[in-house]
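As a plain string of letters, each chain reads:
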Amino acid sequence: MILPEPVRIPPSTKKYLAFKTKKMNKIIYFLSVIVMITLVASCGGKKESSNTEEYVANESKAEAQSGVDVIAQGEALVNGSDCKTCHHKTNKIIGPAHLEVAKKYDFTEANVKMLADKIIKGGSGVWGEVPMNGHPDLSVADAEKMAKYVLSLDGEKEH
Ligand code: HEC
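Owing to the predicted nature of the structure, the values given are computational and were not obtained by experimental measurement. (Residues numbered from 1 in each chain as written. Predicted model: local features only at pLDDT ≥ 70, side-chain atom pairs only at ≥ 80, totals over all residues.)

K.L.:
Residues and numbers for the overall build of the chain, please.
P.N.:
Across its full length, the chain carries six helices and zero strands. Seen in sequence order, the chain has helices and strands lined up from the N terminus as α-α-α-α-α-α. The long-range share in the chain, meaning contacts at least 24 apart out of those at least 6 apart in sequence, stands at 63%. (Helix = DSSP H or I, 4+ residues; strand = E, 2+ residues; numbered from the N terminus. Contact = placed C-beta atoms within 7 Å.)

K.L.:
Can you tell me about the packing of helix H2 (residues 68–80) against helix H6 (residues 140–152), naming the residues and giving the values?
P.N.:
When two helices pack together, their arrangement is given by the angle between their axes and by how far apart the axes lie. At their nearest, the axes of H2 and H6 sit 7 Å apart, and the two run at 100 degrees to each other. Considering their axes alone, H2 and H6 lie roughly perpendicular with respect to each other. Here Val-70, Ile-71, Gln-73, Gly-74, Glu-75, Leu-77 and Val-78 of H2 lie close against H6, whose contacting residues are Asp-142, Lys-145, Met-146, Lys-148, Tyr-149 and Ser-152. For the contact of H2 with H6, the residue count by class is six nonpolar, three polar and four charged. (Axes fitted to C-alpha atoms, helices over the stretch in contact; angles between N-to-C directions. Parallel < 35°, antiparallel > 145°, perpendicular 65-115°, else oblique. Nonpolar A, V, L, I, M, F, W, Y, C, P; charged D, E, K, R; others polar.)

K.L.:
Lay out the packing of helix H5 (residues 109–121) against H6 in plain terms, naming residues and giving numbers.
P.N.:
Closest axis-to-axis distance for the H5/H6 pair is 8 Å, and the angle between their directions is 115 degrees. For the element pair H5 and H6, the recorded crossing hand is right-handed. Counted together, Asn-111, Val-112, Lys-113, Leu-115, Ala-116, Ile-119 and Ile-120 of H5 and Val-140, Ala-143, Glu-144, Met-146, Ala-147, Lys-148, Val-150 and Leu-151 of H6 form the full contact between these two elements. A breakdown of the residues in the contact of H5 with H6 according to their chemical character gives 11 nonpolar, one polar and three charged. (Left-handed = near helix turned anticlockwise from the far one by under 90°.)

K.L.:
So what's going on with the nonpolar core? Residues and values would help.
P.N.:
Met-146, Ala-147 and Val-150 are the most contacted members of the largest nonpolar core, which has 13 residues in total. Secondary-structure elements contributing two or more residues to this core are H2, H5 and H6. If near-sequence neighbours (up to four positions away) are discounted, Val-150 is found in contact with His-98, Val-101, Ala-102 and Leu-115. (Core = buried A, V, L, I, M, F, W, Y, C linked by C-beta atoms within 7 Å. Buried ≥ 20, exposed ≤ 12 C-beta atoms within 10 Å, placed from the backbone.)

K.L.:
Give a detailed account of the site of the ligand, specifying residues and quantitative values.
P.N.:
The ligand sits among 28 residues. The nearest are Cys-83, Cys-86, Gly-95, Trp-127 and Met-132. Mapped onto the shell around the ligand, the elements with two or more residues apiece are helix H3 (83–86), H5 and H6. Within the shell around the ligand, the residues separate by chemical class into 16 nonpolar, 10 polar and two charged. (Near = placed C-beta within 6 Å.)

Shown next as structure tokens:
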């Protein structure tokens, strides 16, 4: 019977192999850490974006449910702009009282759009010859909120 000769690994090779497995372990460790980080990051990212979407959806839902938010926003915009130099809520200054504007027009979508356009572009001839300066920096959305606020002043609801 021939016994197989035991394999003799020279000590230098042994050291080399030990070093190699250590290195492999390190690489595997790093890879798993990277995979974990990627997983956590992608989950976190997804969660965040769905939260934002939810938030935006909730916000627009709330706005649709009651026009009150939009009108409050419009009031804040009017107060933050130069409107007050020429408009008082109930008294005529240089421009007509915003309450008078509210009484003159029905609170309809068409009038909101018309007044928003006038706020942005300016103009004269409806209340007298004094012109209103334009507000070209206002977005249409903001100008419409302002128009809605003005039109709400006589207690009318959008219809
Ligand atoms: C320089 C003065 C001045 C400023 C500032 C001003 N307005 Fe006027 N506004 C007027 C005058 C004057 C009129 C009347 C224009 C006319 O007779 O067509 C007017 C008219 C209006 C009307 C009625 C438009 C119509 O056709 O009946 C609205 C609404 C209005 N302004 C909103 C605003 C808002 C909102 C702001 C602020 C972003 C603003 N105004 C800033 C002077 C001003």
